[in-house]
Amino acid sequence: MKCFPLVAMSLVAMGAMMAQTIGAADLTGHWVASQPGRGGQPQETSVWIQASGDTFTGYMTTARNGSVPIVDGKVNGDQIAFTTVTDNNGEEQRQQYSGSITPDGLLIHAPAGGGRGAGGMPPGGRAGAAGASANGRGAGGRGGPPPDLLAKRVSSETPPPMPQKVDLGPMKEVKYNGLAKTPPMGWNSWNKFRDQVSDKLVREVADGMVRNGLKDAGYVYVNIDDTWEGPRDARGNITTNDRFPDMKALGDYIHSKGLKFGIYSSPGPATCAGYPGSYQHEEQDAKTYAAWGVDYLKYDWCSARSVYKSSSMPAAYAKMGQALLDSGRPILYSLCQYGVMKVYDWGAKAGGNAWRTTGDIRDAWASMEQIGFEQQQPYQDASGPGHWNDPDMLEIGNGAMSDDEYRTHMSLWSLLAAPLLAGNDLRDVPPNILAILTNKEVIAIDQDKLGKQARRASKTGGLELWTRPLERGGYAVGLFNRGEAAAKMTLHASDLNIKRMSKIRDLWSHVDGPAGAVFAVDVPSHGVAMLRVEGK
């Protein structure tokens, strides 16, 4: 019986000796860690180390982030620590790692502070297909803490020089394509289906949009997000994976329903889910999309940071913007780069019809509230016909918010003149959700041809008044209650710089209110009263 503890003690001692032996050895060389990636794609992290005694330098490389320098590397027995230095859209970001030397290789722990570093999701990156609990891009990524990495040595060679990123120089302005005179409306696959999207599903969604009245309400774009891509063929043409056997036939089917066809790619070598991006294939891909009958491209920065200097972002987007313009087909161009580098100053000049202003939204009040109420103010004057601020897709109907909260979501996005891209399952929509998505009076505000984005006129605690001028005179008004209890809210004619409100229309109850100088209404917690007001 006593032999078992002795065996266990021997194994522990052997492991300690092996770790000590590896720790004493020179760490110089190439170490590789592999882990499950997004959309089923494996993700590799390479660690190149140049050791000198108990210190080391080098760099870490991933397909999504490219190479980032390692500095201040230290070895203390079987413990290691180092820092990576990342150019995060023009700002230096440092991530501190710790780890240990084990018999199986280098065990590298998540960066100190819970952020994602070179081996995980960077700030400004998309969450994986498995889902997420924290909001988004530009704020450290989505999802829980990144997993530890176990890197195994594949060679003991001295590291080659760290690859340098491409500098495209100043952006060349792209001519306006004439599209998106009002904010685009439609559906996108990502929020609900992520990497489960398929040809069959997309056809069923298109059928549902026609059947349930969404098409008639204005939702016309059927947009396939990430994970449709296959490998490039011998000539470099992008292909589809086995879930999309014939993209041209799918586009034809969508068009036969009176709808439009959208697709997704990245300026980098890989998409957010690790599939082939459009890097160095921009013109080729644009022509392929045109041949397939594509009407809309969402272009997501993701791995582009691995190959381009941050300063090249505008030029990289303009490169595809020009390629789309030269493709022979009108294709609406949606920039997805999370609102960084003052995209509102150059997005339209890069050929963009819309550009993301924030990180990813999720189906939660806190996420929608933060993005919609707090993060749109700096962009108000940039939005207008042909070029729209995009606070991300709708989460209405995905189940984690109340109907009052979804009405707030729909009202705020419409006041913001935002693209309305449903993100739920449109094959079978519950009546309460369908009523929110297809409220034609609210949609008319979003689609108003004047194209002026709403402004917050006042805020008292959790009670907010938002106003937007309309093309034919009058105003759209949102009385929002962000508080935790119902409240009576009051609109005064003076809030709109008029003396008297001659017509007041409640766009959710579809009832006209009494004319006058003052209008009062009860607004539920996390709810809204959305009005159309006329007066002089």
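Refer to the structure printed above.
Residues numbered from 1 in each chain as written. Predicted model: local features only at pLDDT ≥ 70, side-chain atom pairs only at ≥ 80, totals over all residues. Heavy atoms only, no water.

Pulling in residues and values, what's your account of the state of the cysteines?
Per the stated rule, a full pass over the model turns up one disulfide. What pairs with C272 in a disulfide is C302, and their sulfur atoms sit 1.6 Å apart. The sign of the S-S torsion, about 90 degrees, decides the handedness of the disulfide formed by C272 and C302: right-handed. Residue C272 is found in the loop between β13 (260–265) and α6 (282–292), and its partner C302 is found in the loop between β14 (296–300) and α7 (313–325); the two are separated by 30 residues along the sequence. The same class applies to C272 and to C302, which are both buried. Among the cysteines around C336, which has no disulfide bond, C272 carries the closest sulfur, lying 6.8 Å off. Residue classification places C336 among the buried residues on the basis of a relative accessible area of 1%. (Disulfide = S-S within 2.5 Å. Helix = DSSP H or I, 4+ residues; strand = E, 2+ residues; numbered from the N terminus. Buried < 20%, exposed > 50% of the residue type's maximum accessible area, 1.4 Å probe, protein only.)

Quick rundown of the nonpolar core? Include the residues and the values.
If you look at the biggest cluster of nonpolar residues, it comprises 91 residues, and the most contacted ones within it are Y219, W228 and M410. Top contributing element to this core by residue count: α7, with seven residues. In contact with M410, not counting residues within four places along its chain, are Y219, L394, I396, L420, I436, L437, V442, I443 and W508. Judged by nonpolar contacts, the second largest core, of 19 residues, contains L27, I70, I80 and A151. (Core = buried A, V, L, I, M, F, W, Y, C linked by side-chain atoms within 4.5 Å. Contact = heavy atoms within 4.5 Å.)

With reference to specific residues and values, describe the pairing of strand β7 (residues 105–108).
Pairing geometry for strand β6 (residues 91–102) and β7, over four bridges, is antiparallel. Along β7, the bridge assignment pairs I101 with L106. Connecting the antiparallel pair β6 and β7 is a turn made up of two residues. (Pairing = 2+ DSSP bridges.)

Could you give an account of unusual backbone geometry, naming the residues involved and the relevant values?
Even without a glycine there, the phi angle at H510 is positive, about 60 degrees. Note on placement: H510 falls in the loop between β23 (501–506) and β24 (511–513). Of note in the backbone geometry, H526 takes a positive phi value of approximately 60 degrees without being a glycine. On the basis of relative accessible area, H526 is assigned to the buried category, the value being 9%.

Outline helix α3 (residues 199–211), supporting the account with residue identities and numerical values.
With 13 residues, α3 should cover 18 Å at 1.5 Å per step; its first-to-last C-alpha distance of 18 Å lies within 8% of that length. Those residues of α3 that fall on the buried side of the exposure criterion are D199, L201, V202, V205, A206, G208 and M209. The inward-facing, buried residues of α3 abut β9 (185–188), α2 (190–193), α4 (214–217), β10 (221–223) and α5 (247–256). G213, located one to two residues past α3, shows a positive phi value of around 90 degrees. (Expected span 1.5 Å × (residues − 1).)

Tell me what's going on with the packing of aromatic side chains, and back it up with residues and numbers.
For the structure shown, the criterion picks out 16 aromatic pairs. Lying over the aromatic face of Y253, R203 brings its terminal NZ or CZ to 4.9 Å of the ring centre. (Phe/Tyr/Trp six-rings, centres within 6.5 Å; stacked < 30°, edge-to-face > 60°. Lys NZ or Arg CZ within 6 Å of the ring centre and 35° of its normal.)

Provide a residue-level description of the sheet that holds strand β18 (residues 420–422), including the pertinent values.
Overall, parallel pairing links the eight strands, which are arranged β17-β16-β15-β14-β13-β10-β9-β18 in an open sheet. Among the strands making up the open sheet, the edge pair consists of β17 (388–390) and β18. When the angles between neighbouring strand axes are averaged without regard to direction, this sheet yields 25 degrees. For β9 and β18, the ladder comprises three bridges, and the chain directions are parallel. Each bridged residue has a counterpart across the sheet, and for G186 the counterpart in β18 is L421. Each of β10 and β13 touches α5; the most contacted strand, β13, lies at about 140 degrees to it. (Axes fitted to C-alpha atoms, helices over the stretch in contact; angles between N-to-C directions.)

How would you explain the packing of α6 against α7 if you had to name every residue and give the values?
Following both chains from N to C, one finds α6 and α7 inclined at 40 degrees, their axes separated by 8 Å at the closest point. Considering the angle they form, α6 stands oblique to α7. Here α6 and α7 pass one another in a crossing that is right-handed. Taken together, the residues of α7 that come into contact with α6 (itself represented by E282, E283, D285 and A286) are K319, M320, A323 and L324. Class assignment for the residues of the contact of α6 with α7 results in four nonpolar, no polar and four charged. (Parallel < 35°, antiparallel > 145°, perpendicular 65-115°, else oblique. Left-handed = near helix turned anticlockwise from the far one by under 90°. Nonpolar A, V, L, I, M, F, W, Y, C, P; charged D, E, K, R; others polar.)

Residue-level account of the environment of Q453, with values.
Its place among the elements puts Q453 in the loop between α12 (440–446) and β19 (455–460). Distance in space between the C-alpha atoms of Q453 and Q377 is 9.6 Å, their sequence separation being 76 residues. Among all residues touching Q453, those that are not within four sequence positions of it are Q376, Y379, Q380, S383, N389, L415, L416 and R468. A polar contact of 3.5 Å, which involves the side chain of Q453, links it to the backbone oxygen of Q376. Only 2.8 Å separates the side chain of Q453 from the side chain of N389, close enough to count as a polar contact. (Polar contact = N/O pair within 3.5 Å; in protein donor to acceptor, adjacent residues only side chain to side chain.)

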